[in-house]
Amino acid sequence: MTEPSKSGPAVEVGLDLIAPEMYAPALRRLALAALGIGVGVGLLLALFIHWPLALAVGIVLGAPTALYAVAVQRRRIWLSGTVIRARTLLGDRRLELSAASGVEILVRPGRLSRIVLRVTAGPDSQVIPLAMYTDSGSGRELHILGLRKLSDALATCPLAAALAVSDVLVAQLRAEARDAVAEDRPLYRAVRMVRDRDQVSSVVLSDADIAELTR
């Protein structure tokens, strides 16, 4: 008699729009440069003023930029099954997509427009980048595996909004798979929709807007 097969743990899929490995070296150089400038200025000022004040000036000059570089380098987002795990400078945060109480698509227009997914579960919320586009339609989109896993996870949520967003991601997935032009990609059409309204601040797409993207 054979034992029933057991499925292994869900594989984590990165949801970062830009792979951290691409900008990690530049961020390390930025952090080291900021610290070097802070130390150099502090040592120079120590020749003319009291050293505690010189030290404070050096920290004020170098620390914020160095901390920002470290925070950006540490920031990551993964999806494991239906659980989103986000790592920040201060620790990890987990959010269960199947138990989400709110699912929204936001468009942040600008020279480089961004479109993101915002998921809320109880007191916690998480923003997941989906794409960013220039005026000409060039830019970067979430990779196909990330779209598929995110769509599958949203489909497990009973919210109508989650199912609607899942359909948008499936349509985007199909468009990316066939290498469709920008105007045929739902996420880009969402950005153009907001730009055509001359919006300058972040816009939450309505139910009607999301339904329009899947037509």
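Structural data are supplied above this passage.
Trainee: Help me understand the overall build of the chain, please; the structure alone is not making it clear to me.
Mentor: Check the secondary structure of the chain and you find six helices and nine strands. In the chain, which comprises 215 residues, the proportion classed as buried is 38%. Carbon together with sulfur atoms contributes 60% to the accessible area of the chain, which is approximately 12,300 Å² in total.

Trainee: Explanation requested: the pattern of salt bridges in the structure shown.
Mentor: Pairing between side chains of opposite charge can happen when their charged atoms approach one another. With the rule as written, the count across this model stands at nine salt bridges. The salt bridge involving Glu 12 is made with Arg 85; its shortest N-O contact spans 3.0 Å. Of this pair, Glu 12 sits in strand β1 (residues 12–14) while Arg 85 sits in strand β3 (residues 83–88), and the two are 73 residues apart along the sequence. The exposure class assigned to Glu 12 is partly exposed, which follows from its relative accessible area of 37%. Note on Arg 85: relative accessible area 14%, which makes it buried.

Trainee: For this particular structure, what's the right way to read the sheet that holds strand β2 (residues 76–80)?
Mentor: Strands belonging to one sheet form pairs held by backbone hydrogen bonds; the direction of such a pair is parallel or antiparallel. Pairing in this open sheet of four strands is antiparallel, and the strands run β1-β2-β3-β4 from one edge to the other. A single partner strand is all that each edge strand has here, and the edge strands are β1 and β4 (91–96). Sheet twist, expressed as the average angle between the axes of neighbouring strands with direction ignored, equals 25°.

Trainee: Looking at this structure, I do not really get unusual backbone geometry. What am I missing?
Mentor: Phi is mostly negative for residues that are not glycine, and the peptide bonds are mostly trans. A positive phi is found at Asp 179, a non-glycine position, where the angle reads about 55°. Here Asp 179 is to be found in the loop between α4 (160–177) and α5 (186–196). Overall, the relative accessible area of 62% leaves Asp 179 in the exposed class.

Trainee: How should I be thinking about the side chain of Gln 172 in this particular structure?
Mentor: Along the chain, the position of Gln 172 falls in helix α4. Taking the relative accessible area as the measure of exposure, Gln 172 reaches 0% and is therefore buried. Side-chain polar atoms of Gln 172 contact the backbone nitrogen of Leu 187, separated by 3.1 Å. Other than its neighbours up to four places away in sequence, Gln 172 contacts Tyr 133, Glu 141, Leu 147, Arg 185, Pro 186 and Leu 187.

Trainee: Looking at this model, I keep getting lost on the packing of helix α3 (residues 144–155) against α4. Mind explaining?
Mentor: How two helices pack is summed up by the angle between their axes together with the distance between the axes. Where α3 meets α4, the axes come as close as 8 Å, and the angle between the chain directions of the two elements is 160°. Taken together, α3 and α4 sit at an angle that is classed as roughly antiparallel. Once α3 is placed against α4, the crossing between them reads as left-handed. From α3, Ile 144, Leu 147, Arg 148, Leu 150, Ser 151, Leu 154 and Ala 155 reach across to α4, where they touch Ala 162, Leu 163, Val 165, Ser 166, Leu 169, Val 170, Gln 172, Leu 173, Glu 176 and Ala 177. Of the residues that constitute the contact of α3 with α4, the class distribution is twelve nonpolar, three polar and two charged.

Trainee: Would you take a moment to explain the sheet that holds strand β6 (residues 113–121) for this structure?
Mentor: Here five strands make up an open sheet; going across it, the order is β8-β7-β6-β5-β9 and the pairing antiparallel. Both outer strands of the open sheet, β8 (139–141) and β9 (203–204), are each paired with one neighbouring strand and no more. Across seven bridges, strand β5 (residues 102–108) lies against β6 in antiparallel orientation. Bridge pairing links Val 103 to Val 119 in β6.

About the thresholds
Numbering of residues starts from 1 in each chain and follows the order in which that chain's sequence is written. Predicted model: local features are reported for residues with pLDDT of at least 70 only, side-chain atom pairs are reported and counted for 80 or more only, and whole-chain, interface and lining totals are derived from all residues. Hydrogen atoms and water are omitted, and side-chain values are computed over all heavy atoms in the structure. Strands here mean DSSP runs of E at least two residues long; helices mean DSSP runs of H or I at least four residues long; both are numbered from the N terminus. Summary of the burial criterion: residues with accessible area below 20% of their type's maximum are buried, those above 50% are exposed, and those between are partly exposed, where the area comes from a 1.4 Å probe applied to protein chains only. For the accessible areas, the method is Shrake-Rupley and the probe is 1.4 Å, while residue cover comes only from the protein chains on display. The working definition used for a salt bridge is a side-chain nitrogen of Lys or Arg within 4 Å of a carboxyl oxygen of Asp or Glu. Strand pairing is assigned whenever DSSP detects at least two bridges linking the two strands. Axis geometry follows a simple rule: fit a line to the C-alpha atoms, using only the stretch in contact for helices, then measure angles between N-to-C directions, giving values from 0 to 180 degrees. Nitrogen and oxygen atoms within 3.5 Å of one another constitute a polar contact, given that in protein one can donate a hydrogen and the other can accept it, and given that sequence-neighbouring residues count only through two side-chain atoms. Throughout, a residue-residue contact means that at least one pair of heavy atoms, one from each residue, lies within 4.5 Å. Any angle that is under 35 degrees is reported as roughly parallel, and any over 145 degrees as roughly antiparallel; angles of 65 to 115 degrees are reported as roughly perpendicular and all others as oblique. Put simply, a crossing is left-handed when the front helix is turned counterclockwise from the back one by less than a right angle, and right-handed when it is turned clockwise. Asp, Glu, Lys and Arg are counted as charged, while Ala, Val, Leu, Ile, Met, Phe, Trp, Tyr, Cys and Pro are counted as nonpolar; the rest, among them Gly, fall into the polar class.

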